[in-house]
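# Breakdown of the fold
Residue-level listing of the chains:
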Amino acid sequence: MTSAMIGRQLLRGPGPGSISKKHISFTASTRHNSYEDTISNLKIGKHTRVIFQGFTGRQATANAKESIEWGTNIVGGVTPGKNGEHLGLPVLPTVREAMEKLKPDATGIYVAAHQAPGAIEEAIEAEVPLVVAVAEHIPIHDMLRIHSMLRTQSKSRLVGANAPGIISAIGKCRIGFQPLPCFMPGRVGIVAKSGTLSYEAVASTTRAGLGQSLCIGMGGDVLAGTNFVDALNIFEHDDETEGIVLIGEIGGEAELKAAEWITDYRKRSPNPKPISALIGGIHAAPGKVMGHAGAFTLPGESDALTKIKHLEAAGVTVVNHPAKFGDTMKLLLGKSGRASTGAAASGLSKRSMHTMRRVRPTTKAVASSFGSTIQKRDIYIREDLALDILRERGINASEYSGKGRKRMVAVAVDRANLSPCIIASPANNPGDLHSEAKKFPFDYQSGFDVSQVPAIAEHLQLGHSSKDSLPKLINGLVDLYMKKEAFLLETMFVERLGDLKVVGARFGFDDAAYRSTKRQSDIHALRRIEDEDPQELDAEKDGIVYIKLAGDGYIGTLVNGAGLAMNTVDALADAGGEAANFLDTGGKATSETVKKSFEIILQDKRVKVIFVNIFGGLTLGDMIANGVLLAFKELEMRLPVVVRIRGTNEGEGQKIIAESGLPLHAYDDFEEAAAKAIELANKP
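Let me sum up the structure you'll find in this document. (Residues numbered from 1 in each chain as written. Predicted model: local features only at pLDDT ≥ 70, side-chain atom pairs only at ≥ 80, totals over all residues. Heavy atoms only, no water.)

## Notes on the overall build of the protein chain
Looking only at helices and strands, the protein chain features 22 helices and 26 strands. Within the protein chain, the proportion of its 684 residues that are buried is 61%. The contacts in the protein chain between residues at least 6 apart in sequence include a share of 72% that link residues at least 24 apart. Here the protein chain has roughly 25,600 Å² of accessible surface; of this, 50% comes from carbon and sulfur atoms. (Helix = DSSP H or I, 4+ residues; strand = E, 2+ residues; numbered from the N terminus. Buried < 20%, exposed > 50% of the residue type's maximum accessible area, 1.4 Å probe, protein only. Contact = heavy atoms within 4.5 Å. Areas by Shrake-Rupley, 256 points an atom, 1.4 Å probe, with all protein chains shown as cover.)

## Some thoughts on the pairing of strand β13 (residues 275–280)
Burial runs high along β13: six of the six residues are buried. Side-chain alternation along β13 places Ile275, Ala277 and Ile279 on one buried face and Ser276, Leu278 and Gly280 on a second face that is also buried. Handedness of the crossover is the feature at issue here: the chain leaves strand β12 (residues 243–249), passes through helix α8 (residues 254–268), returns alongside β13, and the resulting connection is right-handed. Once the chain exits β13 it traverses helix α9 (residues 304–313) before rejoining the sheet at strand β14 (residues 317–318), and the crossover so formed is right-handed. (Right-handed = clockwise from strand over helix to strand, strands pointing away.)

## Regarding the packing of aromatic side chains
Under the definition given, this model contains eight aromatic pairs. When the centroid spacing of 6.3 Å and the interplanar angle of 85 degrees are considered together, the rings of Phe52 and Phe55 count as edge-to-face. Comparing Phe52 with Phe55, the two get one shared label, buried. Ring geometry for Phe296 and Phe487: centres 5.2 Å apart, planes at 65 degrees, overall edge-to-face. (Phe/Tyr/Trp six-rings, centres within 6.5 Å; stacked < 30°, edge-to-face > 60°.)

## What about the pattern of salt bridges?
Side chains that differ in charge, positive against negative, can pair when their charged atoms come close. Going through the model one piece at a time under the given rule, you end up with 38 salt bridges. Among the ionic pairs, Glu240 bridges to Lys43, the shortest N-O distance being 3.2 Å. With Glu240 in the loop between α7 (228–237) and β12 and Lys43 in the loop between α1 (3–10) and β1 (50–53), this pair connects stretches of sequence that are 197 residues apart. Residue Arg268 is joined to Asp264 by a salt bridge in which the shortest nitrogen-to-oxygen separation is 2.4 Å. Placement of the pair is Arg268 and Asp264 together in helix α8, with a separation of four residues, close to one helical turn. On the basis of relative accessible area, Arg268 is assigned to the partly exposed category, the value being 35%. Several salt bridges share partner residues, and in doing so they unite Glu121, Asp142, Arg145, Glu485 and Arg519 into one network. (Salt bridge = Lys/Arg side-chain N within 4 Å of Asp/Glu carboxyl O.)

## So, the nonpolar core
Core analysis: the biggest nonpolar cluster contains 104 residues, and Leu130, Ile166 and Met290 have the highest contact counts within it. In contact with Leu130, not counting residues within four places along its chain, are Asn41, Leu42, Ile44, Asp105, Ala106, Thr107, Arg157, Val159, Ile166 and Ile175. In this structure, Ala397, Phe442, Ala457 and Phe509 belong to the second largest nonpolar core, which totals 90 residues. (Core = buried A, V, L, I, M, F, W, Y, C linked by side-chain atoms within 4.5 Å.)

## Digging into the packing of helix α19 (residues 591–602) against helix α20 (residues 621–634)
At their nearest, the axes of α19 and α20 sit 8 Å apart, and the two run at 45 degrees to each other. On the basis of the axis angle, α19 is oblique to α20. When you trace α19 past α20, the crossing you get is right-handed. Contacts from Ser591, Glu592, Val594, Lys595 and Phe598 of α19 reach α20 at Met623, Ile624, Asn626, Gly627, Val628, Leu630, Ala631 and Glu634. The residue makeup of the contact of α19 with α20, split by class, is seven nonpolar, three polar and three charged. (Axes fitted to C-alpha atoms, helices over the stretch in contact; angles between N-to-C directions. Parallel < 35°, antiparallel > 145°, perpendicular 65-115°, else oblique. Left-handed = near helix turned anticlockwise from the far one by under 90°. Nonpolar A, V, L, I, M, F, W, Y, C, P; charged D, E, K, R; others polar.)

## Considerations on empty space enclosed by the protein
If you walk through the whole model with that rule in mind, you get six cavities of 30 Å³ or more. Taken as a whole, the largest cavity encloses approximately 80 Å³ of empty space. Lining of the largest cavity is provided by 13 residues; of these, Pro164, Gln178, Ser198, Cys215 and Gly217 occupy positions nearest its centre. Among the secondary structure elements, those contributing two or more residues to the lining of the largest cavity are β8 (165–168), β10 (185–192), α6 (195–207) and β11 (212–217). For the lining of the largest cavity, the class distribution of residues is nine nonpolar, four polar and no charged. (1 Å grid on protein atoms, 1.4 Å probe; cavity = no way out; pocket = protein on both sides within 12 Å on 5 of 7 lines; lining within 4 Å. Points joined across faces, edges and corners; volume = space filled by probe spheres on them.)

## What about the sheet that holds strand β3 (residues 84–86)?
Here we have seven strands laid out as an open sheet, ordered β3-β4-β2-β1-β5-β6-β7, and mixed in their pairing. Sheet topology places β3 and β7 (157–159) at the edges, where each strand pairs with a single neighbour. If you compare each strand with its neighbour and ignore which way they point, the axes differ by 30 degrees on average. Across two bridges, strand β2 (residues 74–78) lies against strand β4 (residues 89–92) in parallel orientation. When the sheet's bridge partners are listed, Val78 is paired in β4 with Leu92. (Pairing = 2+ DSSP bridges.)

## Some points on the sheet that holds β8
One open sheet accounts for seven strands, arranged β9-β8-β11-β10-β12-β13-β14; its pairing is mixed. One side of each edge strand has no neighbouring strand; the edge strands of this open sheet are β9 (173–176) and β14. Bridge analysis of β10 against β11 gives five bridges, and the strand direction is parallel. Each bridged residue has a counterpart across the sheet, and for Ala192 the counterpart in β11 is Gly217. Running over the sheet, helix α2 (residues 58–70) touches β8 and β9 and is turned about 165 degrees from β9. Most of the contacts of α9 go to β13, to which it runs at about 170 degrees, and overall it touches β12, β13 and β14.

Now the structure itself:
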């Protein structure tokens, strides 16, 4: 669907399920013929009729009470096998029956990861216009199957999974778990991979007096049901949205697609809406999953700096911390003539616009994916075990003898096409084996089409005698990929006597298949914890994601939320500091989790100061403050601690720190807090 078509659909006037020309009808007509035609279903508001799946569960009940009180039009819900009432609203046993009797425009799915795929599929089969999935740790292959299903229909739009959801501050419609106190009806549309970074952006635009129109959580999963371009199409034609905030990170190419869209938008629009962005993961550890399931780089994907470069070239104002979005957007709106108050109200000068993002290096060294350390949610097995698996399947594999030109072929996830793909590179540059990587996607349900082999062989620049051996290698990898729920099977091979010999392998499997559903126990058993960092393993036991960063980092970081944790490492570097670690306590950190995080950080002898950066969304600021005090007293802290608390209960949290009588340094401004941490670390 083109941008103009979306605009016409959004403005075509009232229809069933809509209340004004600003609110689209959620009814599907016969002219729809693709998943793209469901983009307009994202325009939720006070007219949106919402049901919950898993309605009578504890999480859904608490969320529904809060959302109803705020103003969301929840009309009932679904719990399998139940008929009756809950919270004074109807409970039905199936989504199809709920569609017939309650006529919802959207469903929020509040079930555990192992139940979520079935719940999503049930909603799609019932043709619910908008399906919002918040669960994390849904196995990748379940999502590949769901996306294959979505491509065959034109009625249902998916947001998520592993996303905070979608919320209209103007229409008081929340489908997700966003922290409501941060929101204010207003003019800025926000789309983000990271929940905590989006909450920071919301709070910043609220403080600036701008508020928000619609906030869409793309989510941090490998495969997103709704991406940046989908959201941008909505924002372009939404009269209530005057400025746009985009928050991305490492992993995939969605940010580059957004940059292409923005370039075209700025050419075709006489007065384009201003756009500001932030990209996390500039200093991400090579070969690691940075908290979010999708926050890692596959062969041929761009790093964070490349994404920033493309967005800036498209005319986007990039900031280095979400707290800057409010003032930045206020200035940009003033310059565009869209602000009701002038640019001077923001207190920013023309010069300050150029310092929103500190100057960063134009390139960043990226380690080869071969030889990287093992990750957490996903399992990378030892290379010798990978070669054994190939030999068991009749594929010629052994260690590299030093003879022959290496080429690369892999089976991986194509995040743009939401499907599996073959990745092939002739590797003409030995120093960068992925520089000429090309993707050949195929449908998850239909499987690999052998008719693609000639094109892959040509791209690999194979000799004539070796081309006949390529189908055996590819089919063997695809079969392993599908049956054992891999997300990356990367091989390096050489031509040898008319055959292909694998001389290197990096195999990554989705451990969520085991953790969420107990599938693939044989693959899970291949994990070798003796190869992993003891501190990272210790953290994992408590649900903490800890990654020790290479180099001479001296600032220990303790953060809630993967996106915010990545950004904290990046922003500290911009301020002249160097983080020793990435640490995500999780979105629902407790006092005990905070104490455990301190214990882990203190094991790193490089650390001279600990920087606590918390945005209270789901996590309460006073709870975090009490956790800091607990750790300081029980661990007999000797290192200085700088604490930044913003968000829910921030005042209470800051007061607890200030009145503790302990040598703690409390701030609400990030740059002031970062400067203090660097100062304390450099004291003799």
